[in-house]
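Here is what each chain is made of, one letter per residue.
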Amino acid sequence: MSRLLLGVAAPAAAQTGVGEFNPAVPAAPIDPNGLFNEAFFLKVGFSFMVGLAVGYALKVAFKVALVIFGLILLGIFALQYAGIAQVDWSGMEVRYDTWATWLSVNGGAFLDFVGNNLSSTASFIAGLALGLKI
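Residues numbered from 1 in each chain as written. Predicted model: local features only at pLDDT ≥ 70, side-chain atom pairs only at ≥ 80, totals over all residues. Heavy atoms only, no water.

## What about the overall build of the chain?
Across its full length, the chain holds 6 helices and 0 strands. In the chain, the order of α-helices and β-strands from amino to carboxyl end is α-α-α-α-α-α. Taken over 134 residues, the chain has a buried fraction of 13%. Of the contacts made within the chain by residues no fewer than 6 positions apart, 62% connect residues no fewer than 24 positions apart. Roughly 10,600 Å² of accessible area belongs to the chain as shown, and the carbon and sulfur atoms make up 71% of that amount. (Helix = DSSP H or I, 4+ residues; strand = E, 2+ residues; numbered from the N terminus. Buried < 20%, exposed > 50% of the residue type's maximum accessible area, 1.4 Å probe, protein only. Contact = heavy atoms within 4.5 Å. Areas by Shrake-Rupley, 256 points an atom, 1.4 Å probe, with all protein chains shown as cover.)

Written as structure tokens, this is what we have:
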């Protein structure tokens with residue numbers, strides 16, 4: 001392989017080793033619809049598809065929420081810096097803790113609901129992970 005990189009032709013036997021690139025053999029074309037075709041959806045099941053949809057929706061919602069939350073915080077910081085508004089950060093911390101507790105309780109209830117009502121929770125979790133990844 002090092003001979004090939006230096007521009008010196010290596011013997012044909014050295015180029016066809018396992019894991020080495022052989023420019024004489026054309027690469028297989030990549031089918032953009034190969035993974036998500038009709039057979040894929042029929043094999044994975046309903047739970048996987050629900051997980052995929054929920055994961056993708058959560059990914060998009062988190063991005064939108066982070067942008068909006070960031071803009072709101074920048075606006076609050078700017079108003080406080082300009083002296084227009086005075087922010088009680090300790091009061092906001094108490095409200096944040098209350099909200100975080102509520103979210104953890106209700107998020108756990110949602111996961112319990114999903115676990116009890118979907119026939120294949122493992123398939124749902126796999127779909128959720130894939131939905132968050134794509």
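After that view of the structure, there is still more to cover.
## Regarding the side chain of Lys-59
Here Lys-59 is to be found in helix H4 (residues 46-82). Setting aside residues no more than four positions away along its own chain, Lys-59 makes contact with Gly-131, Leu-132, Lys-133 and Ile-134.

## A few points about H4
Helix length check: H4, at 37 residues, gives a terminal C-alpha distance of 54 Å against a target of 54 Å (1.5 Å per residue), a fit within 8%. All of the buried residues along H4 are Ser-47, Phe-48, Gly-51, Leu-52, Gly-55 and Lys-59. Phi turns positive one or two residues past the end of H4, at Gly-83, with a value near 85°. (Expected span 1.5 Å × (residues − 1).)

## Here we look at the confidence of the model for the chain
For the chain, mean pLDDT is 75; residues scoring 70 or higher make up 66% of the total. When the criterion is pLDDT under 50, residues 1-8 qualifies, and its contacts beyond four places in sequence or with other chains add up to 5 contacts. (pLDDT = per-residue confidence, 0-100.)

## Re a nonpolar patch on the surface
Together, Tyr-56, Val-60, Val-64, Ile-68, Ile-72 and Ile-134 give the surface a local cluster of nonpolar side chains, amounting to about 520 Å² of exposed area. With respect to the element layout, Ile-72 can be found in helix H4. Note on Ile-72: relative accessible area 46%, which makes it partly exposed. (Patch = residues over 30% accessible without salt bridge, like charges linked within 9 Å, V, L, I, M, F, W, Y side chains within 5 Å. Salt bridge = Lys/Arg side-chain N within 4 Å of Asp/Glu carboxyl O.)

## Some points on the packing of aromatic side chains
Per the stated rule, a full pass over the model turns up 1 aromatic pair. The interplanar angle of 45° and the centroid separation of 5.5 Å between the aromatic rings of Phe-77 and Trp-89 together place this pair among those described as tilted. Remark: Trp-89 occurs in helix H5 (residues 89-117) and Phe-77 occurs in helix H4; sequence separation between them is 12 residues. In this structure Trp-89 comes out as partly exposed when scored by relative accessible area, which is 36%. (Phe/Tyr/Trp six-rings, centres within 6.5 Å; stacked < 30°, edge-to-face > 60°.)

## With respect to the packing of H4 against helix H6 (residues 121-133)
Running from amino to carboxyl end, H4 crosses H6 at an angle of 35°, the nearest separation of the two axes being 6 Å. By crossing handedness, the relation of H4 to H6 is classed as right-handed. Residues Ser-47, Phe-48, Val-50, Gly-51, Leu-52, Val-54, Gly-55, Tyr-56, Leu-58 and Lys-59 of H4 form the contact with H6, whose own contacting residues are Ser-123, Phe-124, Ala-126, Gly-127, Leu-128, Leu-130, Gly-131, Leu-132 and Lys-133. Here the contact of H4 with H6 is built from residues that sort into 11 nonpolar, 6 polar and 2 charged. (Axes fitted to C-alpha atoms, helices over the stretch in contact; angles between N-to-C directions. Left-handed = near helix turned anticlockwise from the far one by under 90°. Nonpolar A, V, L, I, M, F, W, Y, C, P; charged D, E, K, R; others polar.)

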